[in-house]
Amino acid sequence: MALSIVVAITVTVAFLCRAQHDCPSEPTCSASSSNYRTIDGSCNNLANPRWGQSLRPYLRLVEAHYADGIWEPPVTRSGAALPNARLLSLRLFGETEMAHPRHTIVGMQFGQLVAHDVSFTAEAYGLQCCSNGKMVPKAKASRRCLPIKVAHDDPVMSDEGIACLNVVRTKTNLEDPCLPVAGPAEQLSSVTGFLDLSVVYGNSRSESDGLRAHSKGLMKVEHRHGKHWPPSHPNRTRTCDVTGHDTEACYLTGDRRANQSPHLALLQIAFLLEHNRLAGELAILNPHWDDERLFQEARHINIGQYQAIVYYEWLPIFMGRENLLQYGVVPSSPVEEFVDDYDPHVDPSIGNAFGAVALRYFHHLIVGHLDLIEESRQPTGAIRLSDWLDRPSVLESAENYEKLSRGMVTQPHDRPNLHLTSEMKHFLFRHRAPVGLDLKAIDIQRARDHGLASYNKYRQFCGLPVVRHWVEFEEILRTGAARAIWQQYQALDDVELAVAGAMERLHGDGMAGQTFTCLLLEQFRRSRVGDRFFFENGRSSYSVRQVQELRNASMGRILCDNTVGLDSMQMEAFLLVSETNPVVPCGQLPEVGLKHWRSVEP
């Protein structure tokens with residue numbers, strides 16, 4: 001009865017709020033005027049125009065698990081609190097870095113770009129649940145606060161007087177007066193659910209317009225030090241870790257997280273400059289095209305290249321070619337023309353567990369120091385990652401831009417294992433303070449914020465055997481993990497997806513365990529077959545010959561074409577240099593030729 005009353009009150013409040021707001025109307029879609037995808041993701045699916053749109057709820061594949069059935073974070077089956085997220089991070093996950101024998105950092109970093117492209121939890125920025133490391137009193141704290149308590153004997157944090165880590169809950173449909181309310185809270189994503197380079201172009205028409213030069217199809221850039229850079233952020237002191245000096249860089253892009261790390265900023269810049277390179281070449285080929293046509297066509301090609309890299313260069317390495325085939329993510333045999341498998345009944349929206357947990361597994365691949373590499377491919381130094389989070393100015397110093405770009409394709413990322421670099425475990429976003437946040441603890445806390453069901457529930461969803469006895473973890477988890485995990489939880493059904501999923505043995509030829517592999521590839525399959533504008537499906541206004549050109553796209557060529565001073569590259573940028581993957585002049589890498597975009601229009 002109490003639950004019914006809470007739901008009724010919530011729905012009533014939301015209805016009253018709607019009466020006071022001018023909510024946007026349902027998108028009006030026209031099949032005849034949809035040669036290009038919209039900026040906000042609407043009208044991709046003509047029958048369900050909001051599927052994949054920005055500022056919409058994540059897709060819930062498994063029933064939510066909240067303590068009150070509505071919004072309160074989950075507790076154990078006995079009603080006790082779940083184990084402290086920081087303690088789980090310390091007790092279950094080490095911090096020893098072990099270089100991967102085959103893969104480069106750019107692969108890990110590209111994964112973060114993909115994650116930012118399709119998922120961004122809508123939060124309330126500026127809310128403080130911990131002030132100077134101390135818990136804000138409940139009477140003054142926002143109801144959105146979900147801080148992580150830090151023990152008085154914490155091996156790193158306690159010496160600095162840190163008693164809690166700041167975590168603000170994701171905004172939900174219960175707080176949005178323009179969204180329907182029925183049942184448990186559903187978290188909102190601020191970005192489109194499509195692989196559409198929204199990190200470059202933004203997620204609304206107004207945001208995109210502010211990033212465009214509105215001339216010759218170009219995006220805005222600034223010129224300094226002989227290079228083009230993204231425009232300066234108008235709110236730099238809140239967006240970046242700057243001291244107020246005008247000389248410190250802070251970039252404005254389609255994603256507010258672009259400044260988080262030097263390598264992430266490099267990839268953001270590469271795809272931004274690639275758009276302008278494409279627009280410039282298209283203007284020469286088609287001098288009669290106006291600004292809008294040049295912008296849309298350059299964006300269309302840029303996204304097509306990016307999607308080709310995701311599915312045919314990056315995913316086979318990180319998720320495994322055989323795994324991709326097993327889950328139907330890519331065609332089973334090479335295709336010369338279109339892959340005509342678009343399914344309008346498939347909702348491509350990002351799954352809650354995918355965005356909040358599974359894709360975050362790759363945080364384990366982060367390295368704590370970034371090598372500076374000369375043209376000879378020899379390291380000449382390194383920078384500490386936590387020194388330069390939210391501080392992209394490092395790219396504009398000396399020759400760091402070129403050296404860090406080479407470092408991305410020369411230095412290996414960390415192995416996928418039970419460890420996470422200490423730079424992420426204790427010093428995340430420390431902003432020149434002695435310590436910062438714990439990324440692993442935040443990942444666990446975020447899953448609770450989202451009311452994700454238990455590990456066993458997701459095993460069941462994936463068609464995998466559920467764990468009925470603690471000893472069964474011995475076969476599923478990595479060596480030593482089973483004993484560690486059953487020491488932390490009271491009951492099997494209390495074990496969390498964010499914890500056990502990250503401890504599984506690797507599955508097949510990929511870099512994740514069986515449960516995460518299921519959730520990741522289930523999403524990437526829907527993201528392809530549910531995207532009407534996916535570059536290969538024949539409905540996205542590319543010709544067959546254009547699609548064949550887009551299949552030549554590679555991460556190495558994107559970096560080569562848009563990095564001053566980068567003159568050579570290995571054939572596969574996501575893999576370390578070897579006898580079978582030699583460094584060659586950039587011009588020898590396959591390119592996406594634009595001759596098939598020449599228009600015969602007058």
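Anything mentioned here points back to the structure above.
Summarised in this report is the structure supplied together with it. (Residues numbered from 1 in each chain as written. Predicted model: local features only at pLDDT ≥ 70, side-chain atom pairs only at ≥ 80, totals over all residues. Heavy atoms only, no water.)

With that settled, consider helix H3 (residues 105–118). In this model, H3 (14 residues) spans 21 Å end to end at C-alpha, consistent with the 20 Å of a helix rising 1.5 Å per residue. Among the 14 residues of H3, 13 are classified as buried, and the element is accordingly described as predominantly covered. (Helix = DSSP H or I, 4+ residues; strand = E, 2+ residues; numbered from the N terminus. Expected span 1.5 Å × (residues − 1). Buried < 20%, exposed > 50% of the residue type's maximum accessible area, 1.4 Å probe, protein only.)

What follows is about unusual backbone geometry. Positive phi outside glycine occurs at Leu197, with the angle close to 55°. As for its position among the elements, Leu197 is in the loop between strand E7 (188–189) and helix H4 (198–201). The phi torsion at Arg432 lies on the positive side, around 75°, for a residue other than glycine. Within the secondary structure layout, Arg432 lies in the loop between helix H11 (422–425) and helix H12 (439–449).

What follows deals with the state of the cysteines. In the structure shown here, the tally under the stated rule is seven disulfides. Each sulfur of the disulfide joining Cys129 and Cys145 lies 2.2 Å from the other. The sign of the S-S torsion, about -90°, decides the handedness of the disulfide formed by Cys129 and Cys145: left-handed. With a gap of 16 residues between them, Cys129 in the loop between H3 and strand E3 (130–131) and Cys145 in the loop between strand E4 (134–135) and strand E5 (148–149) connect regions that are remote in the sequence. When its relative accessible area of 15% is taken as the criterion, Cys145 is described as buried. Covalent S-S linkage joins Cys240 and Cys250, the inter-sulfur distance amounting to 2.1 Å. Handedness of the Cys240-Cys250 disulfide follows from its S-S torsion of about 80°: it is right-handed. Placement of the pair is Cys240 in the loop between helix H6 (236–239) and helix H7 (262–285) and Cys250 in the loop between H6 and H7, with a sequence separation of 10 residues. (Disulfide = S-S within 2.5 Å.)

Here we come to the packing of aromatic side chains. Under the defined criterion, the tally for this structure stands at 19 aromatic pairs. Consider the rings of Phe534 and Phe535, whose centres lie 5.1 Å apart with planes at 50°: the pair is tilted. Exposure remark for Phe534: the relative accessible area of 2% places this residue in the buried category. Among the residues examined, Phe535 registers a relative accessible area of 0% and is labelled buried. In this structure, Arg257 packs its charged tip against the face of Phe120, placed 3.8 Å from the ring centre. It is Arg391 that lies over the ring of Trp388; its NZ or CZ is 4.2 Å from the centre. (Phe/Tyr/Trp six-rings, centres within 6.5 Å; stacked < 30°, edge-to-face > 60°. Lys NZ or Arg CZ within 6 Å of the ring centre and 35° of its normal.)

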